[in-house]
Amino acid sequence: MTTKLLLLDESLLVQRVVELAFRDKGVDVHIAETADEAFEIADNAPPDIVVASLDMENSDGLDFCRRLREQPDLSQVPLLVLTSTRQSVSDEEIREVHAIASIEKPFKPVVFTEEVERIIAPAHSESTQLPEAQAYPASPEIGTEESPSPSVEVAEEPEETLGESGVSPGEEDEQPSSSQATLALDSETLAPIIQKQLEEAAEKIAPTLLSHIEDAVVKQLPYIVEKIVIREIEKIKRGE
């Protein structure tokens, strides 16, 4: 059963990280950049879990969470909130909207996926209960009486002489040697295999790499802006 995850976050980087984190994991990610867009998506496809960022410029994430709890059809949906040091949100406000957990940005993708999987695990366990085992008639035990089958005389076939390799002389010539099998793996055969392995490796490291890039940009941005401002002031002083 596919799990529907509704993500409210205006950061393209966070959106991409979440999409990559749940690729091939049975989670259908729906993305919204504003509260109104999130409610519109929820009306069309009720989510199994909501992940809402509280640190946004174009929408109030905390107000969205309050409105979410006021909706009869969405009041019981599990909620995970994303916080940030740039915006002060108290633990009391997070408890007020009945959020199951909170994660501070920037976060490691593995921490995020583990938290989401922990939240949705109870729903999966309830919906994937196995049916009771059915009783089948036991098969007859060995040794029960059966009608005797007519005896058939089989003519003995001459035994084949096996070579040192354990096969008959004719088959020995037909089997390819290990060196011939190795030569069969030419560049045309190996190229798509290597390419597939590289693509899979890139997909695995992409979320972590993007997280480190975002962290580095957030930390270095004030210094970069300061250098640009100082450079422009120097130009003005020189009359350029």
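Counting restarts for each chain, with residues numbered from 1 along the sequence as it is written. For a predicted model such as this one, the threshold for reporting local features is a pLDDT of at least 70, and the threshold for listing and counting side-chain atom pairs is 80 or more; totals across whole chains, interfaces and linings nevertheless cover every residue. The side-chain figures draw on all heavy atoms in the structure; neither hydrogens nor water molecules are used.

Put simply, DSSP marks the helices as runs of H or I at least four residues long and the strands as runs of E at least two long, and each gets a number from the N terminus on. Along the protein, the regular secondary structure elements total 8 helices and 5 strands. In sequence order, the protein lays out its α and β elements as β-α-β-α-β-α-β-α-β-α-α-α-α. Relative accessibility thresholds used throughout: buried, under 20% of the residue-type maximum; exposed, over 50%; partly exposed, between the two (1.4 Å probe, protein chains only). Residues classed as buried in the protein amount to 28% of the 240 residues present. Long-range contacts, defined as pairs at least 24 residues apart, comprise 63% of the intrachain contacts of the protein with a sequence gap of at least 6. For the area figures, the Shrake-Rupley method with a 1.4 Å probe applies, and any residue is considered shielded solely by the protein chains shown. If you sum the accessible surface of the protein, you get close to 17900 Å²; carbon and sulfur atoms cover 52% of it. Throughout, a contact is declared for two residues whenever any of their heavy atoms are within 4.5 Å.

Aromatic rings from Phe, Tyr and Trp, with only the six-membered ring used for Trp, were paired whenever their centres fell within 6.5 Å, and each pair was classed as stacked if the ring planes differed by under 30 degrees, edge-to-face if by over 60, and tilted otherwise. In the structure shown here, the tally under the stated rule is 3 aromatic pairs. Their ring planes at 70° and their centres at 5.9 Å tell us that Phe22 and Phe112 sit as a pair that is edge-to-face. On the criterion of sequence distance, the pair formed by Phe22 in the loop between helix H1 (12-21) and strand E2 (27-32) and Phe112 in helix H5 (residues 109-127) is long-range, its members being 90 residues apart. What makes Phe22 buried here is its relative accessible area of 2%. Plain terms: the ring middles of Phe107 and Phe112 are 5.1 Å apart, the flat faces sit at 20° to each other, and that makes the pair stacked. Like Phe112, Phe107 is buried. Ring pairs connect the aromatic residues Phe22, Phe107 and Phe112, which therefore count as one cluster.

All buried positions along helix H3 (residues 61-70) are accounted for by Gly61, Leu62, Phe64, Cys65, Leu68 and Arg69. Taken down its axis, H3 places every buried residue within 155° of arc, on the same side. Looking at the buried side of H3, the elements it contacts are strand E1 (3-8), helix H2 (35-44), strand E3 (49-53), strand E4 (79-84) and helix H4 (91-96). What qualifies as a polar contact is a pair of N or O atoms within 3.5 Å, subject to a donor-acceptor requirement within protein and to the restriction that residues adjacent in sequence count only when both atoms come from side chains. Between a side-chain oxygen at the N-terminus of H3 and the backbone nitrogen of Leu62 the separation is 3.2 Å; the capping residue is Asp60. Each C-beta atom gives one direction from the helix axis, and the arc is the one those directions make.

Now for the pattern of salt bridges. Salt bridges are counted wherever a side-chain nitrogen of Lys or Arg sits within 4 Å of a carboxyl oxygen of Asp or Glu. Applying the stated rule across the entire model yields 7 salt bridges. The partner of Arg16 in a salt bridge is Glu19, and the shortest N-O contact between them spans 3.6 Å. Residue Arg16 and its partner Glu19 are located together in helix H1, separated by 3 residues, close to a single helical turn. Taking relative accessible area as the criterion, Arg16 reaches 38% and is therefore assigned partly exposed. Across the pair Arg118 and Glu115 runs a salt bridge, and its minimum N-O distance is 2.3 Å. Separated by 3 residues within a single helix, Arg118 and Glu115 lie in helix H5, roughly one turn from each other. Owing to a relative accessible area of 46%, Arg118 belongs among the partly exposed residues under this scheme.

With a 1 Å grid laid over protein atoms only, a set of points is called a cavity when a 1.4 Å probe fits there but cannot get out and a pocket when it is open yet has protein on both sides within 12 Å along at least five of seven lines; lining residues have an atom within 4 Å of a point. Grid points are joined across faces, edges and corners, and a volume is the space filled by probe spheres set on the points. The final tally for this structure, using the stated rule, is 1 cavity of 30 Å³ or more. Approximately 60 Å³ is the volume found for the largest cavity. Just so you know the grouping, Ala, Val, Leu, Ile, Met, Phe, Trp, Tyr, Cys and Pro go in nonpolar, Asp, Glu, Lys and Arg go in charged, and all remaining residues, Gly too, go in polar. Of the residues belonging to the lining of the largest cavity, the class tally is 4 nonpolar, 1 polar and 2 charged.

This part takes up the sheet that holds strand E5 (residues 101-105). Pairing is parallel across the open sheet formed by 5 strands, whose spatial order is E2-E1-E3-E4-E5. Every other strand in the sheet has two partners, leaving E2 and E5 as the edge strands with one partner each. Along the sheet, successive strands turn relative to each other by an average axial angle of 20°, direction set aside. Whether two strands pair comes down to DSSP finding at least two bridges between them. Bridge count for E1 against E3 is 4 bridges, and the pairing is parallel. What sits directly across from Leu6, in E3, is Val50. Against the sheet, H3 touches E1, E3 and E4, its axis set at about 155° to E3. Only C-alpha atoms enter the line fits that serve as axes; for helices the fit covers just the stretch in contact. Angles between N-to-C directions range over 0 to 180 degrees.

Moving on, we get to the confidence of the model for the protein. In predicted models, pLDDT denotes the confidence assigned by the predictor to each residue on a 0 to 100 scale. With 68% of its residues at a pLDDT of 70 or more, the protein has an overall mean of 74. Below a pLDDT of 50 lies the segment residues 178-185, which in the model reaches 2 contacts outside its immediate sequence neighbourhood of four places, other chains included.

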